[in-house]
Amino acid sequence: MLKLRNFYAAALTAIALTACSGGDLQSVNADKLFTQTNETDNAVLMFTRNRNGTLSQSVRVPTGGHGTNGVSYFMGGEVAPDSLASNHSVIVAPDRNQLFVVNSGDASVSVFALDPATHAPRLLRVSPTGGQLPTSLAYRSGVLYVTHQTGEQQLRAYRVENDGRLTQIGAYTLVQANAL
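Residues numbered from 1 in each chain as written. Predicted model: local features only at pLDDT ≥ 70, side-chain atom pairs only at ≥ 80, totals over all residues. Heavy atoms only, no water.

**Q** Help me get a handle on the pairing of strand E14 (residues 166–172), residues and values and all.
**A** As paired elements, strand E13 (residues 155–160) and E14 share six bridges and run antiparallel to each other. Across the sheet, Leu 155 pairs through a bridge with Tyr 172, a residue of E14. Connecting E13 to the next strand, E14, in antiparallel fashion are five residues, including Gly 164 with a positive phi near 90°. (Pairing = 2+ DSSP bridges. Helix = DSSP H or I, 4+ residues; strand = E, 2+ residues; numbered from the N terminus.)

**Q** I'd like to hear about the environment of Asn 50, residue by residue, with values.
**A** Following the sequence through the fold, Asn 50 ends up in the loop between strand E3 (43–49) and strand E4 (55–62). With 19 residues separating them along the chain, Asn 50 and Asp 31 place their C-alpha atoms 7.3 Å apart. When sequence neighbours within four positions are dropped, the list of residues in contact with Asn 50 reads Leu 55 and Ser 56. (Contact = heavy atoms within 4.5 Å.)

**Q** I'd like a rundown of the packing of aromatic side chains, residues and numbers included.
**A** With the rule as written, the count across this model stands at one aromatic pair. Relative to Tyr 139, the ring of Phe 100 lies with its centre 5.2 Å away and its plane at 25°, an arrangement referred to as stacked. One end of the pair, Phe 100, is in strand E8 (residues 98–103); the other, Tyr 139, is in strand E11 (residues 132–140), with 39 residues separating them in the sequence. By relative accessible area, Tyr 139 is classed as partly exposed at 21%. (Phe/Tyr/Trp six-rings, centres within 6.5 Å; stacked < 30°, edge-to-face > 60°. Buried < 20%, exposed > 50% of the residue type's maximum accessible area, 1.4 Å probe, protein only.)

**Q** Which residues make up the pairing of strand E10 (residues 121–128), and what values do they have?
**A** By the bridge criterion, seven bridges tie strand E9 (residues 108–114) to E10 in an arrangement that is antiparallel. By the bridge assignment for E10, Ser 108 is matched with Pro 128. Hairpin remark: E9 followed by E10, antiparallel, with six residues in the connecting loop; positive phi at His 119, about 70°.

**Q** Explain the confidence of the model for the chain residue by residue, including any values.
**A** Detailed reading of predicted coordinates is not advised where the pLDDT is low. Scored by pLDDT, the chain has a mean of 79; 71% of the residues are at 70 or more. A low-confidence stretch, residues 1–23 (pLDDT under 50), is modelled with 27 contacts involving residues beyond four sequence positions or located in other chains. (pLDDT = per-residue confidence, 0-100.)

**Q** Quick rundown of the sheet that holds E13? Include the residues and the values.
**A** Ordered in space as E11-E12-E13-E14, the four strands form an open sheet in which the pairing is antiparallel. A strand with exactly one partner marks an edge of an open sheet, and here the two such strands are E11 and E14. Each strand of the sheet is rotated relative to its neighbour by a mean of 25°, with strand direction disregarded. Relative to E13, strand E12 (residues 143–150) runs antiparallel, the two being bridged by five bridges. Residue Val 143 lies in a different strand from E13, and its bridge partner there is Arg 159. (Axes fitted to C-alpha atoms, helices over the stretch in contact; angles between N-to-C directions.)

**Q** Which residues make up the pattern of salt bridges, and what values do they have?
**A** Pairs can form between side chains of opposite charge whenever their charged atoms are close. Across all of its chains, the model carries four salt bridges by this definition. Where Glu 161 meets Arg 159, a salt bridge forms, and the shortest distance between an N and an O atom there is 3.1 Å. Judged by relative accessible area, Arg 159 falls into the partly exposed class, the value being 39%. (Salt bridge = Lys/Arg side-chain N within 4 Å of Asp/Glu carboxyl O.)

**Q** Can you tell me about the side chain of Ser 108, naming the residues and giving the values?
**A** By secondary structure assignment, the location of Ser 108 is in strand E9. The buried category is assigned to Ser 108, whose relative accessible area is 3%. Polar side-chain contacts of Ser 108 include one of 2.7 Å to the side chain of Asp 106. Setting aside residues no more than four positions away along its own chain, Ser 108 makes contact with Gly 65, Val 101, Val 102, Asn 103, Val 126, Ser 127, Pro 128, Thr 129 and Pro 134. (Polar contact = N/O pair within 3.5 Å; in protein donor to acceptor, adjacent residues only side chain to side chain.)

**Q** How would you summarise the nonpolar core if you had to cite specific residues and measurements?
**A** Counting twelve residues, the largest nonpolar core is built from Ile 91, Ala 93, Phe 100, Val 102, Val 109, Val 111, Leu 137, Leu 144, Val 146, Tyr 158, Val 160 and Leu 166. Where this core is concerned, the elements lending two or more residues are E8, E9, E12 and E13. What Leu 137 contacts, discounting residues up to four positions off in sequence, is Asn 87, His 88, Ser 89, Ile 91, Phe 100, Val 101, Val 102, Val 109, Leu 144, Tyr 145 and Val 146. One finds Met 46, Val 59, Leu 99 and Phe 112 within the second-largest nonpolar core, a separate group that totals eleven residues. (Core = buried A, V, L, I, M, F, W, Y, C linked by side-chain atoms within 4.5 Å.)

Following this line, the structure appears as structure tokens:
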């Protein structure tokens, strides 16, 4: 019964963190979790998972970009807690050496190197996406894909350089602008 209670407590904590943060939780391994604040001065938060399933915040690192600070562009007004309307606004590369974070407030993406031993993030670069209101990320084979809430080309692809710089290699329209 105690194990089940700890499981539910950990699950509720993860759900609450996801609901209150700018993005979903991303895990680099069984012990480290990442999310973002989506505040005006956006930051990435790293949590350490304790043996009993609880979490301890271990690191807070500025992304160098800006979040939306609680403005919901779907509803047109301010909300609390913050609700960046996305999934995967924070992702860890499959090789677990890089972390990517969306900064919707200034249409940029922050690229972090992850320390091999501690997994602590170190900001490499902040790159503009060229789109409007980026919200979600996907990564495969050295290419980062970014979706945007508005604009002409809502999906963009970038090659991730060794220094964290993003080089755009494609832009694609998903939905026709002003479609009724």
